[in-house]
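A closer look at the structure
Okay, here's what each chain looks like letter by letter:
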Amino acid sequence: MKIKKSLTVLIYFVILLIVPVIIYSGSNSKASEVGKVSSIIPADSTIVWEKMSFDERKDYMKKVVMPTMYDVFNQFDSTRFSAMNCRTCHGSGVKAGDFKMPNGRIAKLSMNFEEMAHDNPNYMHFMGSVVKPKMAALLGLEPIKHENGTQTGTFGCQSCHMFEEAPTK
């Protein structure tokens, strides 16, 4: 029971940290400029991210992931998420073609999930129940779940975020 609670708090904590980074990451795109490319993936299609070429991934991110996630974030908070671009998640390396994730530009997560969940429960809920499963689905991955002391899935908080280093004693 304690493990399950800790994992829930951890997920909420991760959610709490990614949203402010996205908000303050800077963007030169306006909401009206985001193309309305179909962001619905047919139920019978499967994305195999690992088998896609760099150009296929880039095209997929531009045409499917970005418009979909823009809509998700904009529906959550249309003021803070009125604009997003590749740098929002991938940082300044985008200009050099570096799209590596997890990205240190996004807020680093601490291990104090209870504090994060307490301080920003709406963000934690949004990231854990909306963003994580949506991004996992867009990438053809299973979201990480923690049940009965066991972890399943391959896409979770650390797919985008790094953790802060533990303080040395």
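Everything numeric here is computed off the predicted structure, so don't read it as measured data.

The next thing to look at is the packing of aromatic side chains. The final tally for this structure, using the stated rule, is six aromatic pairs. The interplanar angle of 50 degrees and the centroid separation of 5.9 Å between the aromatic rings of Phe54 and Phe99 together place this pair among those described as tilted. You can see Phe54 sitting in helix H2 (residues 54–76) and its partner Phe99 sitting in the loop between helix H3 (86–90) and helix H4 (113–119), a full 45 residues away along the chain. For Phe54, a relative accessible area of 45% corresponds to the partly exposed category. Residues Phe73 and Phe81 carry aromatic rings whose centres are separated by 4.9 Å and whose planes lie at 55 degrees to one another, so their mutual orientation is tilted. Accessibility classification places Phe73 together with Phe81 in one group, the buried group. Grouping aromatic residues by their ring pairs yields a cluster made of Phe73, Phe76, Phe81, Tyr123 and Phe126.

Another aspect to go through is unusual backbone geometry. Look at the link from Met101 to Pro102: it is a cis peptide, with omega at 0 degrees. Here Pro102 is to be found in the loop between H3 and H4.

A residue-level look at the chain finds 71% of positions with pLDDT of 70 or above and a mean pLDDT of 76. When pLDDT is averaged over each helix and strand of the chain, the minimum, 48, is found for helix H1 (residues 2–24) and the maximum, 93, for H2.

Take H2 next. At Met61, H2 is bent by approximately 45 degrees, the largest bend along its length. Within H2 the residues assigned to the buried category are Tyr60, Val64, Val65, Met66, Pro67, Thr68, Met69, Tyr70, Val72 and Phe73.

Our focus in this paragraph is the state of the cysteines. Tallied over the entire structure, the rule returns zero disulfides. Distance from the sulfur of Cys86, which forms no disulfide, to the nearest cysteine sulfur (Cys89) is 9.0 Å. Here Cys89 stays unpaired: no disulfide links it, and the sulfur of Cys160, its closest cysteine neighbor, is 6.4 Å away. The partly exposed category is assigned to Cys89, whose relative accessible area is 24%.

Reading guide: rules and limits
- Residues numbered from 1 in each chain as written.
- Predicted model: local features only at pLDDT ≥ 70, side-chain atom pairs only at ≥ 80, totals over all residues.
- Heavy atoms only, no water.
- Phe/Tyr/Trp six-rings, centres within 6.5 Å; stacked < 30°, edge-to-face > 60°.
- Helix = DSSP H or I, 4+ residues; strand = E, 2+ residues; numbered from the N terminus.
- Buried < 20%, exposed > 50% of the residue type's maximum accessible area, 1.4 Å probe, protein only.
- pLDDT = per-residue confidence, 0-100.
- Bend = angle between axes of the 7 residues up to and from the residue.
- Disulfide = S-S within 2.5 Å.

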